[in-house]
Amino acid sequence: MTDVQHDAAAERSTSQLEEEGDIAADYIEELLDITDLDGDIDIDARNGRAYISVNAGEGANLNLLSKPDTVSALQELTRLAVQTKTGAFSRLILDIGGSRDARRDELASLVTRAVERIEAGAAEASLPPMSSYERKLVHDLVAEHGFHSESRGEGADRHTVITRGA
């Protein structure tokens, strides 16, 4: 692939991600209007994904939507809305009121406890099933601790198992 072809492919994917972000932002804005919630929507494209962040000032009641299960469900609905308009699967990430940072902190605690079990003599430690995005975060956190991780299981049962390493 020439540099021109590579640049065109990169530009096309960036423009596709920007289109996904715009469609997703419109969808989320409609949802906020329907639920009479205030929020500012930021769109970003990085690492091959569109990132949609919804933030609001104090007392905006955005916490009603920022619970992990709610964010996950809204993310799936938003992905479906994008797919319906573009005809292509979307891997967009939705963050509402800092929910992704809060979830990353929860995952960091899970990993720390799992590593402590291994250091106390367990051969391995399994974490509960989670999304591919969360498993990716876990793999990164495990590597930071100097341990090894792999995903096991299929579908909704796919989870991460942590070991000392190879």
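What counts and how
- Residues numbered from 1 in each chain as written.
- Predicted model: local features only at pLDDT ≥ 70, side-chain atom pairs only at ≥ 80, totals over all residues.
- Heavy atoms only, no water.
- Patch = residues over 30% accessible without salt bridge, like charges linked within 9 Å, V, L, I, M, F, W, Y side chains within 5 Å.
- Areas by Shrake-Rupley, 256 points an atom, 1.4 Å probe, with all protein chains shown as cover.
- Salt bridge = Lys/Arg side-chain N within 4 Å of Asp/Glu carboxyl O.
- Lys, Arg positive; Asp, Glu negative; His and termini not counted.
- Charge placed at Lys NZ, Arg CZ, Asp CG, Glu CD.
- Helix = DSSP H or I, 4+ residues; strand = E, 2+ residues; numbered from the N terminus.
- Buried < 20%, exposed > 50% of the residue type's maximum accessible area, 1.4 Å probe, protein only.
- pLDDT = per-residue confidence, 0-100.
- Contact = heavy atoms within 4.5 Å.
- Phe/Tyr/Trp six-rings, centres within 6.5 Å; stacked < 30°, edge-to-face > 60°.
- Lys NZ or Arg CZ within 6 Å of the ring centre and 35° of its normal.
- Expected span 1.5 Å × (residues − 1).
- Arc of directions from axis to C-beta.
- Pairing = 2+ DSSP bridges.
- Axes fitted to C-alpha atoms, helices over the stretch in contact; angles between N-to-C directions.

1. Focus on a negative patch on the surface
A surface patch of like charges, here negative, comprises Glu 18, Glu 19, Asp 22, Asp 26, Glu 29, Glu 30, Asp 33, Asp 36, Asp 38, Asp 40 and Asp 42. The leading source of residues in the negative patch is helix α1 (residues 3–35), at seven residues. The residue Asp 42 is located in strand β1 (residues 40–46) in this model. On the accessibility criterion, Asp 42 (44% relative accessible area) is partly exposed.

2. Remarks on the confidence of the model for the protein chain
Averaged over all residues, the pLDDT of the protein chain equals 87, while 90% of them reach at least 70. Confidence drops under a pLDDT of 50 for residues 1–12, and excluding neighbours within four residues, the segment shows one contact in the predicted structure.

3. Quick notes on the packing of aromatic side chains
Considering all chains together, one arrives at zero aromatic pairs under this definition. Taking the ring centre of Tyr 51 as reference, the NZ or CZ of Arg 46 above it sits at 3.7 Å.

4. Looking at helix α3 (residues 99–119)
Between the first and last C-alpha of α3 there are 30 Å, a value that for 21 residues agrees with the 30 Å anticipated at 1.5 Å per step. For α3, the set of buried residues is Ser 99, Arg 100, Arg 103, Leu 107, Leu 110, Val 111, Ala 114, Val 115 and Ile 118. Viewed along the axis of α3, the buried residues span an arc of 140 degrees, placing them on a single side of the element. Facing away from the buried side of α3 by more than 90 degrees, the exposed set consists of Asp 101, Asp 105 and Glu 119. In this fold, the buried residues of α3 make contact with α2 (68–86), β3 (93–96), β4 (124–126), α4 (132–144) and β6 (159–163). Following α3 by one or two positions, Gly 121 adopts a phi angle in the positive range, close to 120 degrees.

5. Considerations on the environment of Gly 153
On the secondary structure map, Gly 153 appears in the loop between β5 (148–152) and β6. Classification of Gly 153 as partly exposed rests on a relative accessible area of 31%. Separated by 137 residues in sequence, Gly 153 and Gln 16 have C-alpha atoms that sit 32 Å apart.

6. Details of the environment of Gly 97
Of note, Gly 97 is situated in the loop between β3 and α3. Judged by its relative accessible area of 47%, Gly 97 falls in the partly exposed class. Taking the C-alpha atoms as reference points, Gly 97 and Lys 67, 30 residues apart in sequence, are found 9.2 Å from one another. What Gly 97 contacts, discounting residues up to four positions off in sequence, is Val 54, Asn 55 and Leu 62.

7. A look at the sheet that holds β4
In spatial order, the strands read β4-β6-β5; together these three strands make up an open sheet with antiparallel pairing. Each edge of the sheet is formed by a strand with only one pairing partner; in this case those strands are β4 and β5. Mean inter-strand twist for the sheet, computed between neighbouring axes without regard to direction, equals 25 degrees. Relative to β6, β4 runs antiparallel, the two being bridged by three bridges. Across the sheet, Ala 125 pairs through a bridge with Ile 162, a residue of β6. This element, α3, spans β4 and β6 of the sheet and lies at about 155 degrees to β4. Taken strand by strand, α4 contacts β5 and β6, and its axis lies near 160 degrees from that of β5.

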